[in-house]
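Structural features, examined
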Amino acid sequence: MIKENLLAIKKSIPETVTLVAVSKTKPIEDLKEAYAAGQRIFGENKIQEMVDKYDALPKDIQWHMIGHLQSNKVKYMAHFVDLIHGVDKFSTLKEINKQAKKHNRVINCLLQVKIAKEETKFGLSFDEIEEILSSEEFATLENIKIIGFMGMATFTDNQQQLKEEFSSLKSFFDIKKTQISAINCNLKTLSMGMSGDYLLAIENGSTMVRVGSSIFGHRNYNA
Ligand SMILES: *Cc1c(COP(=O)(O)O)cnc(C)c1O
């Protein structure tokens, strides 16, 4: 099933959109099945789980951290993580920079923007992003690179609301893209859309979708 699901999703999205297979909570065998079907980008939301899977699987996989970050755990993934989606604090960005430097790497990051109206969702406001990107200290961070933004829409079936949330981020992204050119900031990726809303997200400018349950089936958090 995993293979069929993957191929069906790939078919439904444009080639220019990157598919992140969200494999959190799923066993290694499931990831191997997706790998055998050609998938090379996997997303996890817990650092320890991602490290364990990294150790167990082929090294041509690109690992994306999509979860909320705890600064003190960044060091465990700094040697291999390919893209960190959920950066929502300047202090976290500085910690990523510090850990990347130890490995002589530049780690790609997305700033997480709060687009949902729900109180529970993490993320920076547009103003906070402006503040970070224009700060003098940001310009000194040589071991991180901001390559775009990530957003999570409200958990709702209201298509109009979802569309508004996605397109507000897309507009902000387009403006910043033309305004900012720095060695450590080159905005080209807009990560939005999950199993329930990825097609709508793509219609509204997403370049990277994070799809879990539509590929691997529903997650059982009690397992
Ligand atoms: C779990 C998760 C996803 C995938 O969710 P599905 O609805 O299973 O596709 C996407 N993004 C983030 C940040 C997640 O935590």
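Just so it is clear, the model here is predicted, and its values are computed rather than measured.

Some words on the packing of helix H5 (residues 126-134) against helix H7 (residues 159-179)
It is at 12 Å that the axes of H5 and H7 come closest, and there the two elements cross at 20°. Classified by the angle between their axes, H5 and H7 sit roughly parallel to one another. Crossing of H5 against H7: the hand is right-handed. Where H5 approaches H7, its residues Phe126, Ile129 and Glu130 are matched on the opposing element by Ser168, Leu169, Phe172 and Lys176.

Some remarks on the UniProt feature "modified residue: N6-(pyridoxal phosphate)lysine" (unreviewed entry) in the protein
Here the UniProt-annotated "modified residue: N6-(pyridoxal phosphate)lysine" (unreviewed entry) positions come out as Lys24. Inspection of the secondary structure assignment puts Lys24 in the loop between strand S1 (18-22) and helix H2 (28-36). Take Lys24: its relative accessible area is 15%, and that puts it in the buried class.

What to know about the site of the ligand
Inspection of the region around the ligand gives Val22, Lys24, Ile66, Met150, Met152, Met194, Ser195, Arg210, Val211, Gly212, Ser213 and Arg219 as its neighbouring residues. In this structure, Ser213 approaches the ligand through a main-chain N or O atom, which is 2.8 Å from an oxygen atom. For the ligand, whose free accessible area comes to 390 Å², the fraction covered by protein is 90%. Taken together, the residues of the shell around the ligand sort by class into six nonpolar, three polar and three charged.

Focus on unusual backbone geometry
The residue Thr25 is not glycine, and still its phi comes out positive at about 70°. By the element assignment, Thr25 lies in the loop between S1 and H2. Judged by relative accessible area, which is 34%, Thr25 ranks as partly exposed. In this model, Asn104 sits at a positive phi of 60°, which is unusual for a non-glycine residue. One can find Asn104 in the loop between helix H4 (90-102) and strand S5 (107-113).

Section: the packing of helix H1 (residues 2-12) against H2
Across the interface, H1 lies against H2 with an axial gap of 9 Å and an inter-helix angle of 50°. In terms of axis orientation, H1 runs oblique to H2. Of the two elements, H1 crosses H2, and the hand of that crossing is right-handed. Two secondary-structure elements touch here, H1 through Ile2, Lys3 and Leu6 and H2 through Asp30, Glu33 and Ala34. Tallied by class, residues from the contact of H1 with H2 come to three nonpolar, no polar and three charged.

Reading the values: rules and limits
- Residues numbered from 1 in each chain as written.
- Predicted model: local features only at pLDDT ≥ 70, side-chain atom pairs only at ≥ 80, totals over all residues.
- Heavy atoms only, no water.
- Axes fitted to C-alpha atoms, helices over the stretch in contact; angles between N-to-C directions.
- Helix = DSSP H or I, 4+ residues; strand = E, 2+ residues; numbered from the N terminus.
- Parallel < 35°, antiparallel > 145°, perpendicular 65-115°, else oblique.
- Left-handed = near helix turned anticlockwise from the far one by under 90°.
- Contact = heavy atoms within 4.5 Å.
- UniProt positions renumbered as here; feature names shortened; annotations may be inferred.
- Buried < 20%, exposed > 50% of the residue type's maximum accessible area, 1.4 Å probe, protein only.
- Near = heavy atom within 4 Å.
- Polar contact = N/O pair within 3.5 Å; in protein donor to acceptor, adjacent residues only side chain to side chain.
- Areas by Shrake-Rupley, 256 points an atom, 1.4 Å probe, with all protein chains shown as cover.
- Nonpolar A, V, L, I, M, F, W, Y, C, P; charged D, E, K, R; others polar.

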